[in-house]
Amino acid sequence: ILCLAAGALAWLSYGIDLPFYDDWRAYNQGRAAFLDPKWLFEPDNATYYPVGKLLDSLAQRYLEGNSLAYQLLSMLIVLGGLLALQWRLLSQALNDRLLAAASFSLTVFMLQPGSYWGRQAFAYIQAVPLLCLLAILALIVGTRLSRILLVLAVAILGLVAGLTYTSGALPAVVAAIVLLAFAPFLDQESRYRLILGGGALLIAGIATTMLQLQPVFEVAF
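Residues numbered from 1 in each chain as written. Predicted model: local features only at pLDDT ≥ 70, side-chain atom pairs only at ≥ 80, totals over all residues. Heavy atoms only, no water.

Quick notes on the nonpolar core
Judged by nonpolar contacts, the single largest core of 24 residues is most densely connected at Leu-4, Met-75, Leu-79, Leu-82, Leu-85 and Tyr-124. For this core, the secondary-structure elements that each account for two or more residues are α1 (2–14), α5 (67–94) and α7 (128–142). Tallying contributions element by element places α5 first for this core, with nine residues. By size, the runner-up hydrophobic cluster in this structure holds 13 residues, among which are Leu-179, Ala-183, Ala-200 and Leu-201. (Core = buried A, V, L, I, M, F, W, Y, C linked by side-chain atoms within 4.5 Å. Buried < 20%, exposed > 50% of the residue type's maximum accessible area, 1.4 Å probe, protein only. Helix = DSSP H or I, 4+ residues; strand = E, 2+ residues; numbered from the N terminus.)

Looking at the packing of aromatic side chains
Summed over the entire model, instances satisfying the criterion amount to four aromatic pairs. Judged by centre distance (5.7 Å) and plane angle (75°), the rings of Phe-34 and Trp-39 are edge-to-face. A residue is classified by how much of its surface remains accessible, and Trp-39, at 6% relative accessible area, is buried. Note on Trp-87 and Phe-104: the rings are 5.4 Å apart at their centroids and 70° apart in plane angle, and the pair reads as edge-to-face. With a gap of 17 residues between them, Trp-87 in helix α5 and Phe-104 in helix α6 (residues 97–104) connect regions that are remote in the sequence. Positioned above the aromatic ring of Trp-39 is the side chain of Lys-53, whose terminal nitrogen or guanidinium carbon lies 4.8 Å from the ring centre. Seen from the ring of Tyr-49, Lys-53 lies directly overhead, with NZ or CZ sitting 5.5 Å from the centre. (Phe/Tyr/Trp six-rings, centres within 6.5 Å; stacked < 30°, edge-to-face > 60°. Lys NZ or Arg CZ within 6 Å of the ring centre and 35° of its normal.)

Functional significance is not addressed by these values, which are geometric in nature.
This is the structure we're talking about:
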């Protein structure tokens, strides 16, 4: 947590807005702060990322295109969320605060500045699917949500992951298969939760993977 805070302070002190070409694309297209659903679902770089476009447009509207503020928020929310979820899962799995803390200390290496937010204003978007997948694991193994709420929450997070970037759709399918493969080895209640959560994630993952493959095949063929 102290390293995350130090990173945020360093970003405020030394951060410089030196845009890459990708950071100018919305301006060149005349679509900065654009919220048209048709544009949100247009593929760019052979991938669909309506969630990322939406977040970028909201940042343009409410942060007035301030890249430093945008990256500061993404650092705190995305990296902070990843840290919180890893601590939650480690505590749940190890059931020993000392062992969990020792394991959690290794997450310090993910806080280096060349990570998901350090180079481009919206590079953090590629880490959002990981945040969603960790949240799904935490919901399945660490909460007592009813089965209906669990399925809805997992499906929504799976769709968000898959519609954020291609790197969210395919891992969602793999994660779902792993969850379903482990289900038979658990007690009845845990088995049901893994089957329900894994099934909802598998459907969301397959749906978004099929969508993400369309622009790839158009480019290839």
